[in-house]
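# Examining the three-dimensional arrangement
The chain contents come next:
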Amino acid sequence: MAQNQLQTTLTNIVAWCLVPLVVSVGIGACRTAAPYTSTPRASDSTEAIAIPAQSQTIPTVKPFCSQCVVQGSLDVRSPSLAASGSYTIRIAARDSLEGTIYGPLGIVAARAYCTRDELVVLDALAMEAYTAQLPLRDAARRLPFPIEREDLFALLRCELPLPDSSYRFLAVRAEKGTTLLAHRDSSYVDIAELDADGTLLGYQRKSPDNKLLLAVEYGAYRQWDGVRYPERIRIAAPAEQLELVLEPTAVKQSADRTPFRFHLPRTVRRISIE
């Protein structure tokens with residue numbers, strides 16, 4: 001693997017200001033693969049959904065644990081690269097997140113943390129660190145995944161990004177017995193799918209002209225050391241032909257103090273993201 005290739009990839013990707021997506025795709029330059037050929041899915045559909053006139057009761061979304069540690073494997077796919085690795089993510093409510101990506105033989109490839117006011121991504125292979133003060137100016141225009149930091153944290157926690165009162169009933173999928181909710185503003189249309197127990201099964205973000213920008217799918221949920229969490233999370237940006245799949249192997253509650261931070265070695269070159 002050429003280090004300059006990894007550095008170039010990180011330079012473009014760090015600006016997303018997404019963790020752990022930042023570090024996961026940063027390691028993606030380690031090897032190339034066949035072009036992205038994602039199979040069309042129901043959650044990737046851009047068909048308009050009819051809105052019924054009658055009002056319905058909206059299921060209450062189940063909360064995730066306050067502070068948790070998630071470990072697992074990840075796969076990244078795009079037209080120009082594909083990569084696999086393992087990860088550890090520490091999540092503290094919607095306030096802070098820290099992630100580590102491991103390469104072959106358990107080597108630390110990248111580390112990152114994100115708090116309310118700071119993002120740091122350490123490229124451990126090139127010994128470079130990318131830093132940014134948040135919120136990052138014009139962040140949404142740089143992101144292949146059009147989503148804010150707190151919204152990402154919420155979706156990784158399998159929670160609705162916005163308060164329940166921000167969504168309204170959209171439809172019922174009779175074949176699955178699930179409820180679709182919608183939130184609209186001037187920039188996006190968000191659609192969430194919940195089961196009768198309030199479990200989040202999927203989330204979409206579309207443009208006002210119905211172009212799918214973001215699709216999140218949650219696999220079967222199970223109990224992990226007392227924590228309910230899916231066995232698989234797929235995050236896709238169809239317009240960018242970019243897909244990230246997270247498959248947890250362990251989820252547990254944590255008593256770690258926040259915000260999460262780590263000290264950068266003096267020998268690390270620091271690159272500021274403006």
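Residues numbered from 1 in each chain as written. Predicted model: local features only at pLDDT ≥ 70, side-chain atom pairs only at ≥ 80, totals over all residues. Heavy atoms only, no water.

Moving on, we come to helix 4 (residues 149-156). Taking burial as the measure, the eight residues of helix 4 include seven buried ones, the bulk of the element. Taken residue by residue, helix 4 has Arg149, Asp151, Leu152, Phe153, Ala154, Leu155 and Leu156 as its buried positions. Just downstream of helix 4, Cys158 is the residue with a positive phi angle, here 60°. (Buried < 20%, exposed > 50% of the residue type's maximum accessible area, 1.4 Å probe, protein only. Helix = DSSP H or I, 4+ residues; strand = E, 2+ residues; numbered from the N terminus.)

For Cys68, the position within the fold is in strand 1 (residues 67-77). Given a relative accessible area of 1%, Cys68 falls into the buried group. Along the primary structure Cys68 and Ala93 are separated by 25 residues, whereas in three dimensions their C-alpha atoms are 8.5 Å apart. Not counting residues within four places of it along the chain, the set of residues in contact with Cys68 comprises Ile89, Arg90, Ile91, Val227, Lys252, Gln253 and Ser254. (Contact = heavy atoms within 4.5 Å.)

What follows covers the packing of aromatic side chains. Considering all chains together, one arrives at three aromatic pairs under this definition. Note on Phe64 and Tyr229: the rings are 5.1 Å apart at their centroids and 40° apart in plane angle, and the pair reads as tilted. With Phe64 in the loop between helix 2 (21-26) and strand 1 and Tyr229 in strand 13 (residues 227-230), this residue pair connects regions lying 165 residues apart in the sequence. What makes Phe64 buried here is its relative accessible area of 9%. The exposure class assigned to Tyr229 is buried, which follows from its relative accessible area of 3%. (Phe/Tyr/Trp six-rings, centres within 6.5 Å; stacked < 30°, edge-to-face > 60°.)

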